[in-house]
Every structure is written in C-alpha cells, then in structure tokens.
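# Geometric and topological summary
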Amino acid sequence: MWKEIRERESGKLRPNSFSNRIRSNRNSSIQLSNYKEIVSPHRGAVNSLQVDLTEGRYLLSGASDASVAIYDVQRATDYEGGGLLAKHKSLVTIDKQHEHGHKYAISSAIWYPIDTGLFITGSYDHHINIWDTNTTQMVMNFKMPGKVYRTAMSSLATSHMLIASGTEDVQVRLCDIASGAFSHTLSGHRDGVMTVEWSTSSEWVLVTGGCDGAIRFWDIRRAGCFRVLNQSHSQLGRRPPLLQRAATNKVSTSKSLSKGQSSSVKPRAPQRKMAHGNGSKQSAASKIPNLVKSSARQRLHPGLLSSQDRATAHYGAVIGLKVTGDGMYLLSAGSDSRLRLWDIESSCNTLVNFETVRLQTGKAIQLATTQDSALVFVPCMTSVKVFDVWSGTTVLTFRGHYEHVNCCWYSLQDQELYTGGNDRQILVWSPSKWNADELDEWSKKGKASALDEDNWSD
Amino acid sequence: MMMMEEERERVVVVGLIEKATNSTAAEVDPRLLKAIKSVVRHSDSELRLAAQTLMNLMKRDHSQVRYLALLIIDELFMRSKLFRTLVVENLDQLLTLSVGFRRNLPLPAPPSVASVLRSKAVELLEKWNVSYGLYYRQLRLGFDHLKNTLRFQFPNLQANAVRIQQERREREMRTREILVNKFETLKETFSSIKDELQSTIDEIGECLEIVIASDEPMPLGLLDDEEMEEFRCSELRRIRLDTLKEGNKVQETSDNKVVFDALRELYRLLVTKHLVSVQEWVSVLTRVEVADNRCRDSMLKELIDIRNNLKSVKKKCEESGCSLPDTRNNEEEDIWEEGTIESFENRSSVLNYQSDDSSIASTSVKVKNKPFENRNKEADVKEKLDCEDSGTDSDPLRSKLLAEAPLMKWGSFLDSWGSKRDYLANQRGLELEGHWGRIDYDAVIPAEKIAELNVQATLYKEDPVEIQPCHAPLSKGGLCQRRDLRVCPFHGPIVPRDDEGKPINQTSLTEELTPELETNLVDHLAKQAVKNVRDRDKEKAKKREHDKQALKRAKLAKVREHNDAVLRDAALASTSRSSAIGEDVETAGGERSSARSKKQTLASMLKKKVTSKDRLAQRLLNTRARDATERQLTQGEDAKYREAFPNQW
C-alpha cells in the first residue's frame with residue numbers, strides 16, 4: 001500500500017492503474033460488513049436493489065410486499081453498541097398503505113439515471129409507477145399488459161427518456177416519461193421477457209432476455225431485433241486485440257469465406273464437435289448463420305432469417321443480464337444454471353466455464369460487476385458467488401442469507417456490495433475497513449460488553 | 001520430524017473429538033473435553049482442524065453425534081476467537097444441521113435426541129448472540145432469521161433474568177415501603193401502645209397481688225426434707241412432691257373466682273395480643289431502614305424492655321397457676337384419652353394406672369423448675385414401660401390365655417359370652433298381652449337353644465396374599481412389575497428372583513414348594529407309588545418303540561449329516577463371510593442375555609422401539625385378520641338385507 005503510494009508519488013505508477021490496484025485490493029477483501037447494517041423494513045423478499053447513479057449514496061430497494069424503501073448508505077441514521085454498529089434505516093418507505101402504492105410484489109425498482117428526484121417501480125400488478133422522491137407521490141404510471149418483470153433506463157441516454165420493460169407479455173414496451181405513452185413495442189420474443197438491459201456503449205441499443213431462452217438486441221431507431229445470441233455459436237475466450245485479429249482475419253478469410261466472422265481457426269474444431277454433439281437442431285442452427293452471416297448481415301437486419309431468429313442463448317429462461325462497463329461483453333444467467341459471457345460484437349458465446357452450482361430458476365436475478373468488469377457477482381441460491389469474468393473461477397463465496405438471494409448491486413464508489421434475498425434482509429458486504437488497531441482502541445474505551453478475544457479459562 | 005509431530009497431533013485432536021462424540025451420554029465426557037481444549041489451545045492449526053472435524057461430525061446422520069459435537073463447538077466457541085470466526089463463516093450450515101429449520105434437511109434419528117439437539121442449538125445461538133453478536137454480523141443474522149422469520153421460541157435467557165431481577169427489586173421496594181409505613185404509624189402510636197401495655201401489666205400485677213395475698217404460702221422445702229426418707233420408692237416420692245406443689249398453688253375458690261377470671265382474661269390478652277404485637281414491632285424496627293436511626297434505636301430498646309417485662313409477667317402468671325385455660329383443656333383431653341387406652345391395655349394393674357394418671361396430671365400443671373419437669377417426664381415414660389412389663393409379668397396365665405384366645409368379631413353374642421343360664425322368653429321384648437291363648441310368663445329359653453341361636457357365623461375370608469411381582473429383568477432395564485399369580489404372560493412362571501432379576505436356586509425351591517403344596521403327604525406318597533408303577537410299564541413299552549425308532553433315526557441322521565456337509569462345502573466355496581455365520585448364530589444364541597444388557601451404542605439408539613401399539617397393529621392389520629373382519633361385516637350386511645327383504649333372493 002505504502003509502496004504504491006510512493007510509486008504513485010514518484011510517477012512510476014499511473015493514476016489509473018494506481019486506483020485500479022487499490023480497487024482490486026479492496027475487492028478481494030470484501031466480506032460481510034459487521035459495522036454497517038441496513039435495517040430492512042420489508043416484509044417480503046427483496047427483489048431489486050439499486051444505488052443511485054449520480055451521488056452513489058441512496059439505495060433503492062423493492063420488495064415482494066409491494067414496498068419500496070430508500071436508504072442513505074453513506075450516513076447512518078443511528079448507532080448501536082457504542083458506535084460500533086451503524087444502522088441505516090430507510091429514509092422513505094412506500095408500501096401498500098400509500099394511496100398509489102402497488103398492490104402486488106414489486107419486481108423492479110430503479111432510479112432515474114439523471115438525478116435522484118425520480119424513481120421507477122415495476123410490479124406484478126401490471127403497473128409501472130414513476131415516483132417523485134421528495135414528495136413520495138406518484139407522478140405517472142403505465143398500465144402494462146401483464147406482470148412487470150424488469151424495467152431499465154439507459155444511463156447514457158441524452159436524447160430519450162425511455163423505460164424499457166420486460167413483462168409477461170411477449171412484447172417489450174418502451175415507456176416514454178416525457179409523453180406518458182408507449183413509444184415502442186418490440187416484438188420478437190416468444191415468451192415473457194424476464195430481463196431488459198440497456199447497452200452501456202450505445203444509448204439506442206437494448207438487450208432483452210426472455211423466458212424462451214433468447215437474448216435479443218434491439219436498435220430502437222429501427223424496427224425489429226438485429227441480433228439474437230446463439231449458445232452454440234462460440235469462440236474460445238476473449239477476442240484477441242485488434243491487430244492480431246486483423247492478421248488472423250486475413251488468414252481466415254483467405255481460407256474460407258464462410259467462416260469469416262469467427263476469430264481464429266483453432267476453436268473451430270471443438271466448437272464444431274460440440275455443435276454436432278448437441279443434436280441436429282443446434283448444429284443446423286449453427287451452420288446456417290455461418291454460411292450466411294458475413295455476407296448477408298446487413299441485408300438480413302430488419303427481419304432475420306427465421307432459423308437464426310429461433311436461436312437460443314440458454315436452454316431455459318434467461319433470468320439475468322449484465323452488460324460490462326465497456327459495453328463489449330454481456331453476461332447472461334439462465335434457468336439452466338449457466339452463466340455465459342458473450343462477446344457482443346461477434347455475438348459469440350465465449351465458452352467461459354463459470355463454476356456455477358445452481359441458480360434459482362423461478363425469478364429474475366440481478367447480477368453485478370465491478371467497475372473494470374473483472375469480477376461478477378452472481379446470486380447462487382442462498383449465497384452470492386464472485387467469479388472472475390475471464391476465467392470463470394470462483395473468487396469468493398458470500399454466505400450470509402438464509403434464503404435465496406435475488407439481487408445484488410455493486411457500489412462503484414465504495415466498492416461495497418448490497419445483496420437482497422428472500423429472507424427480507426439487505427446485507428452489506430464491504431472491504432474490511434476496521435483494522436486491528438482501531439478495534440483495539442475502540443475496545444479499550446470499554447464499551448464492549450464482552451470483548452471478542454480468546455478466553456481460555458482452563 | 002516436525003511434520004511427523006504435527007501429523008501425530010492432528011490425529012490426536014481428531015481422535016479425541018471422535019471419541020468424545022461417540023457416546024450415548026447426554027454430556028460430553030468432561031475429561032475428554034478438557035483434553036480437547038488443552039490440545040486445541042496451543043496451536044491454531046489444531047483449532048482449524050478441530051473446527052473442520054466438528055463440522056464434519058455435524059453432518060453425521062445421527063442426532064446424538066451432532067448433539068455432542070454441538071456441545072464441543074459451544075465450549076470452543078466461548079473460548080477461542082479464531083474458532084468463532086471459523087464457525088461463523090458457516091453459521092447457516094451449522095444452524096441447518098443443528099436446528100434443522102430447512103424443510104429438505106430435517107434432523108436425523110433418533111427423534112428424542114433430535115428435539116433435544118434443536119432446543120439446545122437454539123439456546124446456544126441465543127447465548128452466542130448475547131455475548132458475541134456485536135462482533136459477528138452472521139450471528140445477528142442467524143438469530144434474527146430464526147427469531148423473526150421462522151418464529152423459533154428462544155429461551156430468552158437474558159430478558160428473563162432481567163425481568164426476574166426487576167421483579168425482585170420491585171418486591172423489595174414494596175416491602176421497604178410497607179415497613180416504613182408501619183414504622184411511621186408506630187412512631188405516632190408508640191406512646192399510646194406503651195400506655196396500654198403498661199396498664200395491662202399493672203392490672204395483672206394487682207390481680208396477682210390480690211390472689212397471693214389471700215393465700216398464705218406454705219413452707220415447701222422443709223416438709224420435703226423431713227419426710228424424704230419415708231418415701232423410699234422414687235415413684236411415691238415424686239407423687240408426694242407433686243401433690244405438695246399442687247397444694248402450694250393458689251386454689252381457685254368461690255371467693256377469688258372473680259379475680260382469677262380477670263387474671264385469666266388479662267393473661268390471655270397478654271399472650272395472644274400484646275406479646276405478639278410487640279414481637280412484630282421489634283421485627284419491623286430491626287428491618288426498617290430509615291434516616292432517623294437514633295429514634296429507631298431508642299424505640300427498639302424500649303420495645304425490647306417492654307417485651308422482657310411482658311415475659312416476666314407472663315411467667316409470673318403461669319407460676320401463680322392461672323395458665324391459659326384453653327391449653328389446659330387440651331392437656332386434660334390428652335390425659336383422658338391416654339387414660340382410656342391404658343385402661344384397655346392393662347386393666348389389671350389398677351395401681352399403676354392410677355399413678356400414671358396422676359403423673360400425667362402433674363405434667364399438665366406447669367412445674368416450677370424445668371429440669372425437674374424433664375426428669376418427671378422421663379420417669380413418666382419409664383413408668384409406663386414398667387407398668388406394661390409388670391402387667392404381663394404379674395399375670396402369666398392371662399398372657400398365655402391371651403396368646404391362645406381366638407380373635408372374635410364384635411357381635412351381640414358377646415352379651416351372653418360364657419353364660420349358661422336360661423332366659424325368660426317374654427323378657428325378650430315380645431308383646432304377649434294382646435295375643436289369645438295361654439301365656440306362659442315363665443317360659444324359658446333353654447341355654448342350649450340360646451347357644452344355638454347365638455352360634456357365631458363367620459364369613460370365610462381369604463387371607464390377603466400379596467402377589468409377588470414377576471421381577472424378571474426387562475430389556476430396557478429395571479424389573480418386570482407385573483403381578484400374576486402363577487405365570488407372567490411375558491416371562492413365564494413366576495419364580496423368586498434376586499435384586500437383579502436372576503432366579504434364585506430354582507431346584508431347591510421347587511423341592512421346598514412341593515411339600516408345601518401337597519398338604520397330604522400320605523396321599524402324595526400313594527400317588528407317587530402308583531405313578532412309579534405305571535411309569536415303569538410305560539417305559540418298557542417305550543423302550544421297545546424306541547429301539548425301533550432308533551434304527552430309523554440313525555439312518556435319517558446319516559443322510560442329514562451328509563446333506564449338511566455338502567451344503568456347508570457349497571457355502572464355504574461361495575463366500576468367505578458365510579463361514580462365520582454359523583458360529584455367529586451359535587454365539588448369539590448363547591449370549592443373548594448378555595447382549596441384551598450390553599451398553600447402549602449409537603446404532604442401538606437408531607433402532608426403532610417396538611411398542612405395544614406396533615405389535616397390536618401387526619396383529620390386527622395383517623391381511624388375514626382384515627379379511628376376516630371384512631367378511632364378517634359383509635355377512636352381517638347380507639343378513640340384514642335378507643331380513644329386510646325376505647322375498648327377494
């Protein structure tokens with residue numbers, strides 16, 4: 001630590017890498033925080049968590065008992081145990097008693113990305129409500145055709161204010177806050193839409209994952225979806241850097257035009273094998289785009305080839321989506337208990353083997369990644385697992401919830417993780433803040449009832 | 001070398017823990033526990049290993065093992081910080097395994113231990129949460145989850161203790177308040193109370209003066225000395241002394257009756273009211289806590305003085321002979337009762353009885369000096385014994401007769417017991433005047449007739465025989481307490497058994513029993529003789545038969561032996577284990593009883609006990625019984641139907 005600071009001082013270390021190093025250090029020491037506690041007022045499973053994007057200070061949580069709450073995660077409302085425990089009670093709670101409150105479970109609660117003056121909740125009672133934070137009054141609502149599973153707003157958007165909503169219905173609707181009407185109805189999914197996610201690189205691109213196992217990319221300026229991810233369409237690992245890629249591309253194009261979009265020749269063989277092993281349908285699905293894609297992509301765009309249109313990303317429903325910070329990769333979780341990393345540009349499955357054990361299948365889960373997208377936090381049943389995004393190895397396992405975990409949110413500012421689960425708790429996982437000296441000092445003050453130290457009487 | 005050492009130690013910890021958990025006891029063996037603690041204390045790696053081992057043991061499919069492991073975990077948890085951090089990381093797992101709150105992971109058998117395990121785990125979690133919850137979020141979470149989500153009933157030790165403390169404090173407060181109030185009232189009324197007491201004392205004193213003045217004292221000691229020699233017998237001397245003392249007392253006469261009454265009244269007042277109240281005040285004063293100590297002390301002193309004064313007055317009263325009338329009554333009753341009993345017991349020793357009576361009477365009156373009284377009592381007891389002895393000794397014939405005499409029930413025939421005279425017929429209360437015919441007033445019922453009428457009827461009463469319990473040893477420990485006359489349905493014929501339930505010397509007993517049972521010895525002998533003869537005949541016939549059969553049997557045995565040999569060879573060839581089977585069976589047959597009493601093992605705890613319900617179910621729910629019932633029922637229905645509609649078939 002001190003060495004790094006010295007290096008930074010002398011200019012050996014660049015500011016970016018310095019901060020990255022500290023961040024990753026802190027990330028590796030994340031554990032259940034004993035000193036920060038969020039007092040959840042919810043009486044049902046916590047389904048959605050989000051810290052606001054502007055200040056990084058207010059945590060919004062939506063729960064199955066149709067309540068939404070907002071907490072200040074920076075400043076505790078009260079302290080317990082002689083200042084040892086900081087308790088964060090909710091600043092605002094809206095539940096069924098509220099005159100415009102939701103009737104059924106809230107599946108999604110998100111902040112308006114521009115400021116903390118508004119937040120949006122989607123509920124199983126078919127409504128999306130938009131709330132004024134300061135007056136806790138509903139300012140607008142949208143009646144959806146079915147249960148709302150997930151809502152999303154683009155954090156990049158400068159030219160639109162659209163709420164993308166995944167519902168029971170096969171169509172994805174975009175609700176325009178400015179006009180109070182549906183601006184788009186995107187159809188393509190064959191079943192309800194569990195997750196929606198805006199691209200982090202383009203304000204026009206929306207990614208949706210449905211119960212039919214398909215992940216679709218939409219450009220909201222055009223009609224129809226322009227990309228469907230196919231699980232058997234894969235490349236090994238990350239794309240090589242641009243220069244290398246150009247070189248290999250030359251080779252591959254010279255070799256065969258039909259294999260054009262794939263990065264290298266090497267992964268081809270195993271991929272082929274796998275495709276054959278998976279059965280005739282998959283192999284057919286994988287072959288056809290190979291043949292047509294590179295030449296016909298532009299032409300195909302508005303209406304994809306029907307066979308390509310049927311491609312699936314997971315065998316079950318897609319229950320979680322997360323676009324990495326740079327917008328190049330997409331992480332998806334499916335009810336087949338798989339986690340997949342997709343290269344968005346090539347729309348290939350990168351075949352990273354995440355050591356997932358089991359994911360819960362019935363509900364949408366909320367994934368979280370660190371700022372540099374090195375780690376991904378995945379709710380796996382009662383625990384939250386941290387995977388290395390590129391290798392798929394488990395880095396840490398957070399066990400603290402007693403029921404299934406539904407959602408997690410990683411606060412970029414504090415390197416803290418918030419998780420909410422069916423046991424109605426919102427847990428804070430933070431880098432170990434208290435070092436031994438501080439604790440000793442604190443305990444010397446004699447505030448503790450029973451000191452936490454060895455006590456061998458015999 | 002170090003590695004070796006470490007390895008060895010590792011084995012030690014694991015071995016110790018496994019040994020400690022491999023028991024059926026409800027507690028961990030304290031010596032083993034201590035050993036575990038001392039081993040684990042010295043190195044962190046040991047502790048880690050212990051934590052690992054204990055978690056593995058918690059996964060065992062046996063509640064007893066889990067329970068003991070949990071107890072060890074608790075011991076270490078309360079002592080080592082490292083252990084706490086290790087356990088807390090997997091707290092949800094630990095709770096799942098010990099509380100069994102997950103539907104898909106219930107606690108394993110045996111259920112009785114499982115429930116103990118659950119309650120213990122819940123209790124321990126609360127304890128841990130109270131002492132270390134502040135440092136471990138996981139503990140708080142687990143506690144919160146069990147308490148608020150799953151609604152487990154926690155023993156709530158801390159809150160209970162606080163509540164009890166609070167209640168006690170409140171009670172103390174209340175008593176203090178009451179005491180202070182009493183003290184205040186006492187302070188206010190102290191002078192009046194004192195006056196009242198004083199006036200009573202004065203009155204008593206005056207009464208006593210009057211009484212004593214009216215009666216001149218008698219020189220007691222002198223007389224005693226003079227006449228001492230005359231009463232050789234200690235008993236007589238004592239009687240004498242008593243009478244003298246009695247004489248010394250002021251006798252109640254018609255003259256001083258009024259005074260005595262007043263005195264008695266005052267005495268009662270003194271004893272029942274004043275003394276008690278003064279005692280109460282004293283206790284109040286000693287217990288009360290007030291700021292003004294001086295006042296309290298002075299009051300206390302005064303009260304004690306008053307109490308002493310009262311006591312002396314009371315004593316004086318008692319000496320003067322007007323002790324509490326009601327107590328005297330009681331004692332008189334006692335005397336009467338005792339007297340009657342004595343009169344029944346030894347009517348003959350009239351003299352003794354009288355002396356006895358008097359001595360008791362003398363005890364009723366409080367005597368001046370206590371030691372004497374004590375001696376008096378002792379003498380009294382001795383005397384009683386004496387008189388009983390003398391009663392039996394003096395009349396040996398009587399005692400002999402008494403021993404012989406039959407015990408009769410009471411009845412009207414006792415009226416004419418032993419009399420042989422005739423009775424007049426019309427003295428029996430018959431109304432004869434109104435009847436026609438000759439009346440013979442002198443009609444006599446002869447003695448024989450009377451005797452005939454008075455023949456005593458006795459109902460045959462079976463002697464209450466205490467039926468001995470079976471006392472056969474039970475598999476669960478203890479002895480069979482069933483009382484059957486001859487045969488216990490579970491343990492066969494009832495034979496006398498020792499404390500452990502082993503039959504005592506059965507053969508000798510049967511020998512003892514038979515002569516008892518067969519009352520008529522001659523009869524028995526005759527029967528025996530006949531039997532012997534017949535047996536001999538039978539035996540002869542049998543022998544003939546036997547010879548014939550023996551040949552056959554020998555042949556069969558040969559065949560069987562051959563078959564056995566073949567079979568065994570085949571079995572031996574098939575498995576290595578089966579060879580031991582036969583031996584096992586043999587040993588099991590021989591040692592069944594010892595196996596029964598063998599120590600309980602973990603495996604035996606898992607075995608489901610066969611209850612009487614199970615046995616009944618087996619009997620009643622088997623197919624044959626069920627079919628029979630069904631058939632009966634259908635038959636019954638058929639019959640009903642046929643009766644109801646006789647014209648249809």
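Bear in mind the structure is a predicted one, so any value in this text is a computation, not a measurement.

## Regarding the overall build of chain A
The number of helices and strands found in chain A is seven helices and 31 strands. Look at the contacts in chain A between residues 6 or more apart in sequence, and 50% of them connect residues 24 or more apart. Total accessible area on chain A is roughly 19900 Å²; 50% of this is exposed by carbon and sulfur atoms.

## Quick word on the overall build of chain B
Each helix and strand in chain B was counted, giving 25 helices and four strands. For chain B, the residues scored as buried account for 27% of the 649 residues in total. Within chain B, contacts between residues at least 6 apart in sequence are counted, and of these 62% link residues at least 24 apart. If you sum the accessible surface of chain B, you get close to 46700 Å²; carbon and sulfur atoms cover 54% of it.

## Some words on the packing of aromatic side chains
All names here are of chain A. Per the stated rule, a full pass over the model turns up 14 aromatic pairs over all chains. Between Phe-354 and Phe-387, the aromatic rings sit 5.7 Å apart at their centres with planes inclined by 75°, giving edge-to-face as the arrangement. Of this pair, Phe-354 sits in the loop between strand E24 (348-349) and strand E25 (368-369) while Phe-387 sits in strand E27 (residues 383-388), and the two are 33 residues apart along the sequence. The pair Phe-354 / Phe-387 is uniform in exposure class, with both members buried. Ring plane angle 20° and centroid distance 5.2 Å describe the contact between Phe-377 and Tyr-410, whose orientation is recorded as stacked. You can see Phe-377 sitting in strand E26 (residues 375-380) and its partner Tyr-410 sitting in strand E29 (residues 405-411), a full 33 residues away along the chain. Neither residue differs from the other here; Phe-377 and Tyr-410 are each classed as buried. Feature note: the residues Phe-377, Phe-398, Tyr-410 and Trp-429 constitute an aromatic cluster, connected by ring pairs. Across the ring face of Phe-182, the terminal group of Arg-173 is positioned such that the distance to the ring centre comes to 5.1 Å. When the ring centre of Phe-217 is taken as reference, the NZ or CZ atom of Arg-227 above it lies at 5.4 Å.

## Things to note about the interface of chain A and chain B
Tallying the contact residues gives 29 residues for chain A and 32 residues for chain B. For the pair chain A and chain B, the summed buried area comes to about 2900 Å², and 48% of that belongs to carbon and sulfur atoms. Linking Glu37(A) and Arg140(B) is a salt bridge whose minimum nitrogen-to-oxygen distance equals 2.7 Å. On the surface where chain A and chain B come into contact, there are ten residue pairs in polar contact (both at pLDDT 80 or more). For the side of chain A that touches chain B, the class distribution of residues is ten nonpolar, nine polar and ten charged.

## A closer look at the pairing of strand E23 (residues 339-343) of chain A
All names here are of chain A. Judged by how many residues are buried, E23 sits mostly within the fold: five of five residues are covered. Burial of E23 is two-sided: the residues Leu-339, Leu-341 and Asp-343 facing one way and the residues Arg-340 and Trp-342 facing the other way are all buried. Summarising the sheet, strand E22 (residues 329-334) and E23 pair through five bridges and their orientation is antiparallel. The residue of E23 that forms the bridge with Tyr-329 is Asp-343. Linking two consecutive strands that pair antiparallel, namely E22 and E23, is a turn of four residues; a positive phi of about 60° is found at Ser-337 within it. Pairing of E23 with E24, which is carried by two bridges, proceeds in the antiparallel orientation.

## A closer look at helix H3 (residues 44-58) of chain B
Across its 15 residues, H3(B) extends 21 Å between first and last C-alpha, which sits within 8% of the 21 Å expected from 1.5 Å per residue. Among the residues of H3(B), those classed as buried are Glu46(B), Leu47(B), Leu49(B), Ala50(B), Ala51(B), Thr53(B), Leu54(B), Met55(B), Leu57(B) and Met58(B).

## With respect to the UniProt feature "repeat: WD" (unreviewed entry) in chain A
Residues and elements named next belong to chain A. With numbering matched to this structure, UniProt assigns "repeat: WD" (unreviewed entry) to residues 39-74, 99-141, 186-228, 311-352 and 398-430. Here residues 39-74 runs as 0% helix and 47% strand, with 14 Å between its end C-alpha atoms. When the span residues 398-430 is considered, its composition is 0% helix and 61% strand, and the gap between its end C-alpha atoms is 11 Å.

## Examining the nonpolar core
Counting residues in each nonpolar core, the largest one holds 76 residues, and the members touching the most others are Phe377(A), Leu54(B), Phe77(B), Phe83(B), Trp128(B) and Leu139(B). No other element matches the ten residues that helix H4 (residues 63-77) of chain B contributes to this core. The contacts of Phe377(A), once residues within four sequence positions are left out, are Ile30(A), Leu367(A), Ala368(A), Thr369(A), Thr370(A), Val384(A), Lys385(A), Val386(A), Phe398(A), Cys408(A), Tyr410(A) and Leu417(A). The next biggest cluster of nonpolar side chains, apart from the first, holds 33 residues, and it includes Ile204(B), Tyr267(B), Leu270(B) and Val313(B).

## Looking at the sheet that holds strand E16 (residues 181-186) of chain A
Within a sheet, neighbouring strands are paired by backbone hydrogen bonds and run either parallel or antiparallel to one another. Residue and element names in this part refer to chain A. Reading across from one edge, E13-E14-E15-E16 is the order of the four strands in this open sheet, with antiparallel pairing throughout. In this open sheet, the two edge strands, each paired with only one partner strand, are strand E13 (148-153) and E16. Neighbouring strand axes in the sheet, compared pairwise and without regard to direction, differ in orientation by 25° on average. Strand direction decides the pairing type here: strand E15 (residues 172-176) and E16, joined by five bridges, are antiparallel. Across the sheet, the residue bridging to Arg-173 is Thr-185, located in E16.

## A look at the pattern of salt bridges
Residues and elements named next belong to chain A. Within this structure, the stated rule accounts for 22 salt bridges over all chains. A salt bridge links Arg-57 to Asp-72; the nearest nitrogen and oxygen atoms lie 2.7 Å apart. Placement of the pair is Arg-57 in the loop between strand E3 (46-51) and strand E4 (58-63) and Asp-72 in strand E5 (residues 68-72), with a sequence separation of 15 residues. Relative accessible area serves as the criterion here: at 22%, Arg-57 is assigned to the partly exposed category. Between Arg-340 and Asp-336 there is a salt bridge, with the nearest N and O atoms lying 3.9 Å from each other.

## Quick notes on the sheet that holds strand E11 (residues 127-132) of chain A
Residue and element names in this part refer to chain A. Overall, antiparallel pairing links the four strands, which are arranged E9-E10-E11-E12 in an open sheet. Single-partner strands in this sheet number two, and they are strand E9 (106-111) and strand E12 (137-143). Here the average twist between neighbouring strands, direction ignored, is 20°. The pairing of E11 with E12 spans six bridges and is antiparallel. Within E12, the residue paired with Ile-130 across the bridge is Met-140.

Conventions we followed
- Residues numbered from 1 in each chain as written.
- Chains lettered and ligands numbered in written order.
- Predicted model: local features only at pLDDT ≥ 70, side-chain atom pairs only at ≥ 80, totals over all residues.
- Heavy atoms only, no water.
- Helix = DSSP H or I, 4+ residues; strand = E, 2+ residues; numbered from the N terminus.
- Contact = heavy atoms within 4.5 Å.
- Areas by Shrake-Rupley, 256 points an atom, 1.4 Å probe, with all protein chains shown as cover.
- Buried < 20%, exposed > 50% of the residue type's maximum accessible area, 1.4 Å probe, protein only.
- Phe/Tyr/Trp six-rings, centres within 6.5 Å; stacked < 30°, edge-to-face > 60°.
- Lys NZ or Arg CZ within 6 Å of the ring centre and 35° of its normal.
- Buried area = accessible area lost by both parts, 1.4 Å probe.
- Salt bridge = Lys/Arg side-chain N within 4 Å of Asp/Glu carboxyl O.
- Polar contact = N/O pair within 3.5 Å; in protein donor to acceptor, adjacent residues only side chain to side chain.
- Nonpolar A, V, L, I, M, F, W, Y, C, P; charged D, E, K, R; others polar.
- Pairing = 2+ DSSP bridges.
- Expected span 1.5 Å × (residues − 1).
- UniProt positions renumbered as here; feature names shortened; annotations may be inferred.
- Core = buried A, V, L, I, M, F, W, Y, C linked by side-chain atoms within 4.5 Å.
- Axes fitted to C-alpha atoms, helices over the stretch in contact; angles between N-to-C directions.

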